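Understanding the architecture of this molecule
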Amino acid sequence: MKRPLLTLKSFSLIILVASFMASCSSDDNTPNPEKEKEEETESRWITIAGAKMGDNPGDGNGGTLIYSVSSEDAKDPTVQIEPFNNGFVAPSNRTARLQASEDGNTIFNISYAGDTGGNYTKYLANGANNFEQTGSEISIAPYVGTAPRWIKLFDGDNTGAAVYVSTEHQVDDNGTPDNVTDDTYLYTNSSIGIVTLDLVDSKINNFQEHVITLNEENAAAGYYISRIDMPTLNKAGDKLYIGARVSKIDPTTLESDSNYEILGSKTIVLDYPSLLNPTIITSAVGHGNTNGYRSINSFEYDGSVYQANQSDPEGSHILKIGADNEYDDIYDFNLDNALGVTGAYVLAWRPATNGKAVLAYRHDGSVEGISGRGESYFALVDLNAKTATLINDIPYDVDFELFQYQSYAVNGTEIFLTQAPVGKNGNIYIIDTETGIVTKGAELVNATGSHFIGAW
Amino acid sequence: MIRTFLFFTLLLIIPSMAMIAQENSISGTITTSGEPLFGASIVLKNTHLGTQSNLNGTYSIKKIPKGNYIVVVSYLGYQSISKTISINKNRVNYKIDFTLQEDAKKLNEVIVKAKSKKTTLETKGFAVSAINTKETSLRSIQTNELLNTTVGVKIRQNGGLGSNVQYSLNGLSGRSVSIFIDGIPISVYGSSFSLNSIPPSMIKNIEVYKGVVPGHLSSDAVGGAINIILQKGSQNNLNASVSYGSFNTFQANLNGAYRLDSSGFTVKASAFYNYSDNDYKISGRTIVDIAPNGVETPIVARRFNDAYRSNGAMAQIGFTNVKWAEQFLIGITASDEYNEVQHGTFVTKLPYKARFLESDALLGNLKYQKKNLFIKGLDINSNAVYGKRNRIINDTVAQAYSWTGKRLVGFDGEYIDYIWGSQNENGPTLAKIERKVSSIRSGLSYALSNNHKILFNHVYSGVDREDSDELISLLENTFLQTSDLYKHIYSLSYELKAFEEKFKLNAFGKYYLQTVKNTQPVFNNDNTQVIDEVYESKVDYTGFGFATSYILTPTITLLTSAEKAIRLPSENEVFGDAGDNLLANLTIKPETSNNLNIGFRLGEFDIKKNGFTIAANFFARNIENRIGLPANADGLRESDEFVQYTNLKNTAESKGVEAEFYYTYNNNLGFNFNATHMSLTTVNSGVESNVPNVPLTTMNAGLRYTVKDFIQSESILNLFYNAYYTDEFSFKFAAGTNTTGEDEFLIPKQISHDFGVSYTFPKRNFVFSFDVKNIFDQDVYDNLSVQKPGRAFYLKMNYIINNF
């Protein structure tokens, strides 16, 4: 494309330079700080991500910055980490949804919205802000659009899955297309698309689309699946579960409804890897959505899949889907009861290999901070004992909130998390899930209005 | 089209059957050394009668009562001539030709200079750039390109002919800038009648007001206003042009005016046609071919879904320069547009195919202008437009295409059809927006004396909007809420001239009143009828400002202007949009901006045959109460909750300097250079940072050289060269000082060059021009990473008849 037109270029420059030399700013390239690699056998990279403020404190719309440290440094409270000034800008117009390989060496990103929306890229963490792009870039946008909801399936970092849904209201015009008074609402179709992606070789594995509708009674009342997310593979590896949100319209006017009865939590179950035969399963224990938000909402442990739900009128539950691919309605783990609060809302959680988990939540009593969202807390959860306890060794703050929190780094039974109120400094904390001992790690240096969204 | 032309022909024939002249006239040709002299002034001494010679050197003065007169002909740098004539008959045209001699002793004399209209406007005190279209109208230049060379103005265009354009004045753009045609907001005419479709030849001149907008152009724009003044056409003329060039771009334009001297009966008509395939080549990181398994190969692609067509016509009929009105015209404007859409806001790896927009507009207008109404010094000026315009978005094709222009093949070897059933991810649509629009602008001015003048102006604009979509059920269409917007802006200005007209002041106050009417259809109690529930919101606000100039010496003028400008909240900012989960905020406050300009103008200095002018302006803008969405908006929307627009706490500030330099030599050579450098900052993450996606340093240079008697005697050859420079800018806030990965969001420094030549044939009826745009085929971008056309060639032919 570029032609060697040096003489012409300099000619034009002479014309343009004139008196405005002084006003032209020159941006010096600051060299990347080289960080020495201290490879030890048990060490791994811990990658910290921060979401920068856009227009308002805590909105995270200014982009996502990532920065890697060794797990030793992450545990060292004398180490300072400043991703907002020294980090690597993840190529996404809005908050990127990141995933890491189990060993922490690779960061997977599918950028969300904008000109790169739907692009899958893979980076090798080389420490600090040195992230080296590896493998070829591919786009899943033709299948699931430029704002895909994706996570990796826990199958040895081989596969990622992304989903898409669009809805269409069906109306019977009673044969009179010009008369609105005799029109009746029938139901709403949800067209869902699922794509699976080979994370290693960067290629598309499979894609299927289906049209799904809720049962007749619910559908006629105006209930429909409006959003899906969080594909999770079962232990046998033959079914894929997809979390769903159910919304409702007013069947007389087709406008969005509010203050309606919340249905039992639902999950779409598909054959894997064929992605065929979708069915919908419904919990008798929990009500509300299972599609989560930014962080992974359901995990396989000990042969079953444990799933958090949100917007449950009784407070969030951890729901269990058994090896038979049905909700286990005997397993009743209500977080309001376990935590002794009302309106518990799970923001992000993650179990370690021992069935013990760290869970971020807020509740009806949370006071609103600078970002307009309620104060958040961490709890230590035992999936088997169905207990949840507030972790008191982590400092809380009214401006500390985890709505956009994405990830915990798991190293065996240890869980790494980030704690920093919006716009204030904080620390990495390491929870030994076996003993419940909390260790204060490296200091997180914040920027005004920004916040940290996790450790990988 | 054919019908329109027939209509014009009729309009042109009818008046020729009208009345016979009652008064006398004089006409003739002004020449110098055998060549016609353009722009010489011809006045009857001690009367108000006078004119200027046109391109052919001809002139005519009409409606001359019986009596004895002294005709004075003058032109800067030439010796004036006068001649006494006596007119004692009725209905006679006296033919008098003059030949002027160049004035060799010019430097030794005291020169009393008449300012050109451009200079007069630019020394009134406002930060204004007046753009003359005389020369450029003969070239293959779009009106937007003309504006782009103006200091402080940056056009941000999303591609080729017909693509979406944003006007940026000193860094503020979008809704901050209002565009007017003859004082009527261009938005009234709809997108089919944009600056893309108005050829420069229909435009008399363009006024660009930066930050401070005079009372007569009242609008709620915090950034400034651009006013396009169309040819008045009270002289008989016909002007036709056709141009053809790269990307199958064809443009034709016809405009004419006919005035019957005896009665003042006037007919003006114009028509335009624009077409382009816009199939220019683009490349870049998202321009890739995608293999079935997803592997991507960068390619150079031709845009394949970007054709644009617009055509339209205007006709006006009435009386001009008669006893009871300077102008009384009734007119009609019709236009229609087809615009294919190649991609969304961003250029992604998935181009659109078969998504297009169609719009049309039909408007009637009435214009009345009278000086010295009832009493001397009282002038009235009124302009009203009423009509309908429609817009359809058509996107129903689900088939996926790649940048190769071919269908996209999926991982299973099958063609991909998008799951969302359309090109845009929002799903198939045949959305239709019907608007009834009206705008009335009236002005009353009264000159208390030569030095004091009071002006009262009122602008009303109203939009009744109705939305529907054929692809959704009637039930859903019925319950779509609609918003109507009515705006009144009143302004009172006071103009003062003092110290022998060395000091000029224009002080003004503006009162804004906006009513938004929101209609929500609901069923009645027994579901047998749909009734409308109507909500109203009224916002009012007051702003004020001034512009002043002081002529220190004839070549040094100082200018200052300031305004507390405001932008009223839009309909969805007030009433929300249920479809977009936006809640109403009835207490939202308007955005305000304190705007300040301080400048000077030096010149014109004349040293022998050299003339030059230097002007500079320092500007500052401070925007408060910016309207935006709150922090948790994304999260709330994500969980289907509602959000509302609010006034944001952080302000935006713009500071900068712009400068221009003009140089002429012997009327043959013209050079101009202008540059703008500014900062546009807002508080981001507690740090003052540059607002992204705004170029902060731009420069333009232009060179014109005229050769007379080239090949044929009496011919004129003009050579043009333009260069444009835009500094590197980022389309995202820089995250930190030491971060990596930022280059992903950078738009590199750009320099592009245009060259043009025009040749005017001896009889002055034909002008041919040839233009090369972006000679060195550089990659140029205005917005994000949307690439604009590379090298392109255009040929244009103009045909002009005057005084038929």
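Residues numbered from 1 in each chain as written. Chains lettered and ligands numbered in written order. Predicted model: local features only at pLDDT ≥ 70, side-chain atom pairs only at ≥ 80, totals over all residues.

**So, the confidence of the model for chain B**
All names here are of chain B. In the predicted model, chain B carries a mean pLDDT of 82, and the fraction of residues at 70 or more is 89%. Ranking the elements of chain B by mean pLDDT puts helix α1 (residues 2–13) last with 43 and strand β23 (residues 301–302) first with 95. Note on residues 1–22: pLDDT under 50 across the span, and 29 contacts to partners over four residues away in sequence or across chains. Here residues 104–114 is modelled with pLDDT under 50, and outside its nearest four sequence neighbours on either side it reaches 3 contacts, counting other chains as well. (pLDDT = per-residue confidence, 0-100. Helix = DSSP H or I, 4+ residues; strand = E, 2+ residues; numbered from the N terminus. Contact = placed C-beta atoms within 7 Å.)

**Focus on unusual backbone geometry**
A cis amide bond, omega 5°, links Y272(A) with the succeeding residue P273(A). With respect to the helices and strands, the residue P273(A) is situated in the loop between β15 (264–271) and β16 (279–287). Residue G603(B) is joined to E604(B) through a cis peptide bond whose omega torsion reads 10°. Following the sequence through the fold, E604(B) ends up in strand β35 (residues 591–607). In this structure, F247(B) is a non-glycine residue whose phi angle is positive, near 60°. Along the chain, F247(B) falls in the loop between β17 (237–245) and β18 (249–259). Despite not being glycine, E501(B) has its phi angle at roughly 65°, a positive value.

**With respect to the interface of chain A and chain B**
On the side of chain B, 73 residues touch chain A, which itself brings 76 residues to the contact. The set of elements that each furnish at least two residues to the side of chain A that touches chain B consists of α1 (6–17), α3 (83–86), β4 (88–89), β8 (131–139), α4 (141–144), β10 (159–172), β11 (184–198) and β12 (203–212) of chain A. Within the side of chain A that touches chain B, the residues separate by chemical class into 30 nonpolar, 34 polar and 12 charged. (Nonpolar A, V, L, I, M, F, W, Y, C, P; charged D, E, K, R; others polar.)

**Comments concerning the pairing of strand β18 (residues 304–308) of chain A**
All names here are of chain A. Extensive coverage of β18 is indicated by the burial of 4 of its 5 residues. Taken together, the 4 bridges between strand β17 (residues 298–301) and β18 define a ladder with antiparallel strand orientation. Within the sheet, the bridge partner assigned to F299 lies in β18 and is Y306. Sheet topology note: the β18/strand β19 (residues 317–321) ladder contains 4 bridges and is antiparallel. (Buried ≥ 20, exposed ≤ 12 C-beta atoms within 10 Å, placed from the backbone. Pairing = 2+ DSSP bridges.)

**Some points on the sheet that holds strand β9 (residues 149–152) of chain A**
Residue and element names in this part refer to chain A. Read from one edge of the open sheet, 4 strands run β9-β10-β11-β12, paired in antiparallel fashion. Each of the sheet's edge strands pairs with one partner strand only, and the pair in question is β9 and β12. Each neighbouring strand pair of the sheet contributes to a mean axis angle of 20°, computed without reference to strand direction. Sheet topology places β10 next to β11; 14 bridges connect them, and they run antiparallel. Within β11, the position partnered with D172 by the bridge is T184. (Axes fitted to C-alpha atoms, helices over the stretch in contact; angles between N-to-C directions.)

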